[in-house]
Amino acid sequence: MTTSEPGRGWLLRLVIAFSFAQGAVSMARPAVSYRALALGADARAVGVIAGIYALLPLFAAVPLGRRTDHGRCAPLLPVGVVLIAAGCGLSGTADSLPEMAAWSGVMGLGHLSFVIGAQSLVARQSAPADQDRNFGHFTVGASLGQLIGPIAAGQLVSGHDGALARTSAAALFVAAAVAACSVTSLWRIEHRPAEGVLKKTADASSARRVPVFGILRTRGVASGIFISLAVLSATDILTAYLPVVGEQRAISPAVVGLLLSLRAAATVACRLVMTPMIRLMGRTVLMAVSCLGAGLLCAAVALPLPAWALGVLLAALGFCLGVGQPLSMSTVVQAAPDEARSTALALRLTGNRLGQVAAPASAGLLAGLAGTAAPFVMLGVLLLGSAATAVRPLRRAADTAVPAAVPDARKPPPAPEGERSAVSGRCGPGEETSARTDPEEPTP
């Protein structure tokens, strides 16, 4: 859909709203883990509850993306806020692990609704040349929320004197209130075209509906989805499992929250300098190098490090993880057909949620078998695989360039254009018969 340029400040308001929404989720995720531990959950159960957060969104992403391709983006934003707030608040009242899992799923559905609407808005209202920058600024909102949320959760949650159940519930109620604050920044965030234009564009988009497998087969879409899946799985398992690691290593909830926020602060720093890094290294090299570094650092979290060394490690890891999400968004948007951009973004989010279902479940299984360090080794392997995926365009470019770079020794070098035209009497590019078959032509 084509719209005229919206009023100034829409991206700033979207970043503010996303900061509140992501801050609520980032506060709620570790609080859910602590409340589950207070209700008797082990590491495996924490992994299952973290996976349920992504289960409902796994089935809802593509229908929501189709709906956004054929209509407006903004209505999904308040719907997402309501579901996030409800999931946070009701998780605080849950008295059993199945209830915790159910309300965690509602929270995940709300987050998905908000993100699909917001990402589609950025894609639709940004010029192609501005997409890397605008997606980078948009994800700063997520990083700000991930910076503030864990600190707030760590300050509110206390495990002393059997207070973990009560204080984790308080953190979830505060998270619900924080989510509600994001509504204040959503006014006039999308320019609404005239009804006739909207209907005409929706009819045209419906007539040209691109099949899901056609979108996935488009070069660049699948690799962008996989890189996004790996990066988000790493962030998600760090958020869900660092409290468990902290409990085992006698690191207090407040310090765990500070460590998670340090990781988010480094991600904010990365996204603020991402544009000059793209100019310096190029998009493909930057994605490959960042995924490689993140894989090695993520595996190093499994080492028995003191809290200060873990903080240094998480800061470096956060910087490396800051690249994957915004660049995978712009990669998918630029690769997808124009009439299916929201659906392509929804497929990317489906891949994210698939990772958020499979990765925590796998992490829970590994943690039960080999300890809580094993999930971080698994994430390291996944990120190294994403680095190999990111570098594939460079390998294809090198393979394509080799035949052109090696001259054929049996043929003379082509004559300058003026000579070729004079000999052959033809001006068309590629019509060169006389220039190479003339018996007077010297042998090289």
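Our structure's up above, just so we're on the same page.
Conventions adopted
For every chain, the first residue of the written sequence is number 1, and numbering continues from 1 along that sequence. Two thresholds apply to this predicted model, a pLDDT of at least 70 for residue-level local features and 80 or more for giving and counting side-chain atom pairs, whereas whole-chain, interface and lining totals are computed over all residues. Only heavy atoms go into the side-chain values, all of them from the structure, while hydrogens and water stay out. A fitted line through C-alpha atoms represents every axis, and for helices the fit uses only the stretch in contact; the resulting angles, taken between N-to-C directions, go from 0 to 180 degrees. Counting from the N terminus, the helices are DSSP H or I runs at least four residues long and the strands are E runs at least two residues long. Should an angle lie under 35 degrees it is considered roughly parallel, over 145 roughly antiparallel, and from 65 to 115 roughly perpendicular; all remaining angles are considered oblique. What makes a crossing left-handed is the near helix being turned counterclockwise from the far one by less than a right angle; a clockwise turn instead makes it right-handed. Throughout, a residue-residue contact means that at least one pair of heavy atoms, one from each residue, lies within 4.5 Å. Note on residue categories: nonpolar means Ala, Val, Leu, Ile, Met, Phe, Trp, Tyr, Cys or Pro, charged means Asp, Glu, Lys or Arg, and polar means any other residue, Gly included. Throughout this description, the term nonpolar core refers to a set of buried Ala, Val, Leu, Ile, Met, Phe, Trp, Tyr and Cys residues connected via side-chain atoms within 4.5 Å. Only protein chains enter the accessibility calculation, which uses a 1.4 Å probe; a residue is then buried when its area is under 20% of its type maximum, exposed when over 50%, and partly exposed in between.

## Quick notes on the packing of helix α9 (residues 221–248) against helix α14 (residues 324–335)
And step 1. Remark: α9 packs on α14, axes separated minimally by 9 Å, with the N-to-C direction vectors making an angle of 160°. If you check the angle between α9 and α14, you find them roughly antiparallel. Seen along the crossing, α9 lies across α14 with a hand that is left-handed. Taken together, the residues of α14 that come into contact with α9 (itself represented by Val221, Gly224, Ile225, Ile227, Ser228, Val231 and Leu232) are Gly324, Gln325, Ser328, Val332 and Ala335.
And step 2. Grouping the constituent residues of the contact of α9 with α14 by class yields 7 nonpolar, 5 polar and no charged.

## Considerations on the side chain of Ser261
And step 1. Tracing the chain through its elements places Ser261 in helix α10 (residues 253–272).
And step 2. Those residues in contact with Ser261, other than ones at most four positions away along the chain, are Gln146, Leu147, Pro150 and Ile151.

## Looking at the nonpolar core
And step 1. Grouped together as the largest cluster of nonpolar side chains are 106 residues, with contacts concentrated most on Leu14, Tyr241 and Leu317.
And step 2. Here this core takes 14 residues from helix α1 (residues 10–38), the largest share from any one element.
And step 3. Sequence-distant contacts of Leu317, that is, excluding residues within four places in its chain, are made with Leu238, Ala294, Leu297, Cys298 and Val301.
And step 4. Formed by 9 residues, the second largest nonpolar core is a distinct cluster that contains Ile215, Ala336, Ala340 and Leu347.

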